[in-house]
Structures are given as structure tokens and as C-alpha cells.
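# A structural walkthrough
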Amino acid sequence: MTDARYDRAPGDSSISAEAEEGTLSGVRVYTIGLVLAVILTATSFWVANTSLLWAPGIPLGLAVLAIAQMGVHLVFFLHITTGPDNTNNVLALAFGVLIVFLVVVGSLWIMANLNDNMMPPPELMNLHMQH
Amino acid sequence: MNIAVAIDDVRHEALPSASEAGPAPKRIVVAYGFWIFLLSDIVMFSALFAAYAVLVRATAGGPTGAQLFNQVSVAIETACLLASSYTCGLMSLAVNSRRRAATYFFAVVTFVLGAAFLALEIREFADMIARGATPQRSAFLSAFFTLVGCHGLHVTAGLVWLAVMMAQVAVKGFRASVERRLLCFALFWHALDIIWVWLFTVVYLMGVRP
């Protein structure tokens with residue numbers, strides 16, 4: 001092994017895969033991830049189709065489930081951890097998430113405002129739609 | 001002897017940090033660079049997601065998502081992609097312990113599941129186009145085909161990449177350069193699954209709500 005504390009490559013697990021136990025615990029990590037992802041996916045599809053839940057809250061619930069599943073994939077499939085050897089990977093990810101958030105929320109916010117303030121009256125809108 | 005132990009302790013305490021240890025191994029540099037590429041790819045997808053979310057109601061009198069999407073087919077696609085992400089992880093484990101037969105087996109399973117996902121998606125697109133829901137029909141459908149089609153193109157590229165990697169394992173064996181490429185492929189495949197999580201949530205589950 002090296003003497004230095006290098007960062008860990010994204011996607012590399014902390015478990016040494018050389019030994020047989022390493023492979024077994026690696027399989028366990030992926031299997032836990034798969035089970036959690038299946039549960040979250042099934043919950044998403046159920047939430048979207050049920051009439052039991054309060055309808056206006058469903059999009060928010062779906063977003064929360066998707067964020068949770070993204071976390072499951074990052075931790076169990078991509079092996080992103082909070083350890084010091086993963087700081088660079090996490091920082092790059094955090095920057096990516098920030099940009100994604102700004103692009104999506106910014107677009108929705110601006111376009112909703114534009115629609116509210118500049119939407120033509122219905123008769124003009126119908127004229128638009130015919131072309 | 002006591003002194004030796006003491007020196008050993010000090011060495012352990014004063015392990016040089018990554019910034020003082022000189023250049024990192026190539027595997028770490030390559031994987032980190034690919035990680036940055038993946039994040040920029042996700043930023044590109046965020047623009048397509050934003051366009052879809054803005055245009056989802058702009059159907060121009062044409063068919064809406066609720067009329068077009070078949071949730072059973074989407075659920076099967078999701079299961080295929082999730083399972084292929086899992087077998088891709090198992091393939092990474094086989095690569096790390098240099099088991100050639102297991103690597104080929106899990107690569108084939110990953111490829112078949114990915115191809116099944118792609119076949120279902122192409123069938124869904126063909127079905128929509130046959131019903132007149134082409135990308136030209138409305139802004140909603142343009143955004144839909146761009147977003148979902150872009151993900152489908154990524155999956156296609158991933159399948160080609162996987163086939164090439166298996167040829168490289170067969171010809172070159174598990175040398176360091178091939179292992180780095182396999183690590184990057186695994187990152188790519190798992191990232192595609194993360195994008196699909198958002199895709200089925202935003203497009204197929206939220207998009208069909210009135």
C-alpha cells in the first residue's frame with residue numbers, strides 16, 4: 001500500500017476487493033442499495049397512482065422520494081462517502097447540485113412569472129395556437 | 001526496541017496528506033476527471049429538465065402526457081435499468097478481483113438489460129409517433145423527445161462502450177488502462193440510472209398529473 005493518504009477515486013469502494021471477504025461485503029453493499037432503490041421506486045409509482053394521499057402534496061412527495069433514491073445510488077452504487085479521502089468528490093458533486101438547482105428552479109421561477117405577467121388574453125392565445 | 005516502536009508511532013501519526021504526497025495515482029486522476037465530466041453532463045440534463053418542466057403544459061391542443069404515457073411500460077423500463085445498474089456493480093467487483101468469467105457474465109447481463117430498456121423505449125417512441133405525437137406536434141412533445149431521447153442516446157453510447165470494453169478485456173486482459181476504463185464505464189452507467197430516477201419521477205409520474 002502507499003504511504004500517503006490519497007483521495008479515493010469516485011466509484012472505488014473503501015473495501016479492499018482483493019480478498020474473498022472484500023467481494024462478499026461488496027456484493028452486500030450493492031444488494032442493500034438495490035433493495036432500497038426498489039422500495040423507493042415502488043413507493044414512487046404507488047404514490048403517483050393512489051387516491052389515498054392529499055393530491056397537492058404528491059409532487060413534493062415524489063421529489064423527496066427521488067432525492068432519497070439519488071442518495072441511495074450515490075452511497076451504495078457510486079460509493080460516495082463523507083470520509084476525508086472523498087472530500088474532492090463530494091465538493092465537485094455539491095457544485096454540480098448547486099448548478100442543477102439554479103438552472104431548474106431559476107427557469108421555473110422566471111417562466112412562471114413571465115406567464116403570470118405577460119400571458120396574452122385568451123382570444124389572442126387562441127390565435128397563437130392556431131399557427 | 002522502545003525507540004523503534006516510538007518512531008513507528010510517529011510515522012503513523014505523521015502520514016503525509018494527499019497534498020504533500022506528490023502526484024496522485026493515475027487511477028484517481030482519471031476517475032476524478034471522469035466524475036467532473038459526468039457532473040457537467042448532469043448540468044446539461046438539468047437544462048433539458050428545466051425546458052421540459054416549463055413546457056409541460058404547452059401542448060398546443062395536442063395530446064398530453066396523461067394520454068400518451070403507459071406507466072406499466074415505464075415501470076418495466078425502470079426495473080431493467082435498475083437491475084442493469086446492480087449487475088454493473090457486480091461486474092466492477094469481478095473486475096477488482098480479476099475474475100474473467102464473472103466479468104463477462106455480468107457484462108452480458110448488464111448489456112441485455114440495457115438493450116431491453118432501449119428496445120422498450122424505442123417501441124414507446126414509435127407508438128407515440130404512430131399516434132401523431134411527433135416532436136413537431138407541440139412544445140411539450142419537443143421537450144419530451146429531447147429529454148428522454150438524450151437519455152436514450154446516452155444508454156446507446158453506454159452499450160457500445162460496454163461491448164468495446166469486453167473486447168478490450170478479451171484482447172488486452174486486466175491491465176491498468178483497461179481497469180481505469182472499466183471504472184469510468186461503471187461511473188457512467190450508475191450516473192445514467194440517477195438521471196433516469198429523475199426522468200421517471202418528473203416526466204412520467206409528475207407529468208401525468210392534471
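Scoring rules and cut-offs
- Residues numbered from 1 in each chain as written.
- Chains lettered and ligands numbered in written order.
- Predicted model: local features only at pLDDT ≥ 70, side-chain atom pairs only at ≥ 80, totals over all residues.
- Heavy atoms only, no water.
- Domains from an automatic or database assignment.
- Contact = heavy atoms within 4.5 Å.
- Buried area = accessible area lost by both parts, 1.4 Å probe.
- Salt bridge = Lys/Arg side-chain N within 4 Å of Asp/Glu carboxyl O.
- Helix = DSSP H or I, 4+ residues; strand = E, 2+ residues; numbered from the N terminus.
- Buried < 20%, exposed > 50% of the residue type's maximum accessible area, 1.4 Å probe, protein only.
- Phe/Tyr/Trp six-rings, centres within 6.5 Å; stacked < 30°, edge-to-face > 60°.
- Polar contact = N/O pair within 3.5 Å; in protein donor to acceptor, adjacent residues only side chain to side chain.

## Concerning the domain arrangement of chain A
Residues and elements named next belong to chain A.
- As far as domains go, chain A holds domain 1 (1-82) and domain 2 (85-131).
- Every contact between the two is made by nine residues of domain 1 and, on the other side, six residues of domain 2.
- For the pair domain 1 and domain 2, the summed buried area comes to about 680 Å², and 47% of that belongs to carbon and sulfur atoms.
- Interface area lost by domain 1 to domain 2 is led by Asp7, Arg8 and Ile80, which between them contribute 59%.

## Concerning the pattern of salt bridges
- Under the criterion given, the structure shown has four salt bridges over all chains.
- Residue A:Arg8 is joined to A:Asp85 by a salt bridge in which the shortest nitrogen-to-oxygen separation is 2.8 Å. Of this pair, A:Arg8 sits in the segment before α1 (20-49) while A:Asp85 is found in the loop between α2 (58-77) and α3 (87-118), placing the two residues 77 residues apart along the sequence.
- Here A:Asp85 falls in the partly exposed class, since its relative accessible area comes to 22%.
- Among the ionic pairs, B:Glu179 bridges to B:Arg98, the shortest N-O distance being 2.6 Å. In this pair, B:Glu179 sits in helix α7 (residues 176-206) while B:Arg98 sits in the loop between α4 (71-96) and α5 (100-130), placing the two residues 81 residues apart along the sequence.

## Some points on the packing of aromatic side chains
Residues and elements named next belong to chain B.
- Tallied over the full model, the rule gives 19 aromatic pairs over all chains.
- Each ring, one from tryptophan 196 and one from tyrosine 204, has its centre 6.1 Å from the other, and the planes form 45°; the classification is tilted.
- By relative accessible area, tyrosine 204 is classed as buried at 0%.
- Joined through ring pairs, the aromatic side chains of Tyr52, Phe69, Phe117, Phe125, Phe140, Phe144, Phe145, Trp196 and Tyr204 make up one cluster.

## Quick look at the interface of chain B and chain A
- Each partner contributes to the interface: chain B provides 51 residues, whereas chain A provides 51 residues.
- Summing both partners gives a buried area of about 4,600 Å² for chain B against chain A, and 75% of it is carried by carbon and sulfur.
- It is B:Trp35, B:Tyr86 and B:Arg209 that lose the most area in chain B upon contact with chain A, and together they represent 14% of the buried surface on that side.
- Counting every contact that joins chain B to chain A gives one salt bridge.
- Its salt-bridge partner being B:Arg27, residue A:Asp12 comes within 2.7 Å of it at the nearest N-O pair.
- Run the count over chain B and chain A and you get four residue pairs in polar contact (both at pLDDT 80 or more).
- For the side of chain B that touches chain A, the secondary structure elements donating two or more residues are α2 (26-55), α4 and α7 of chain B.

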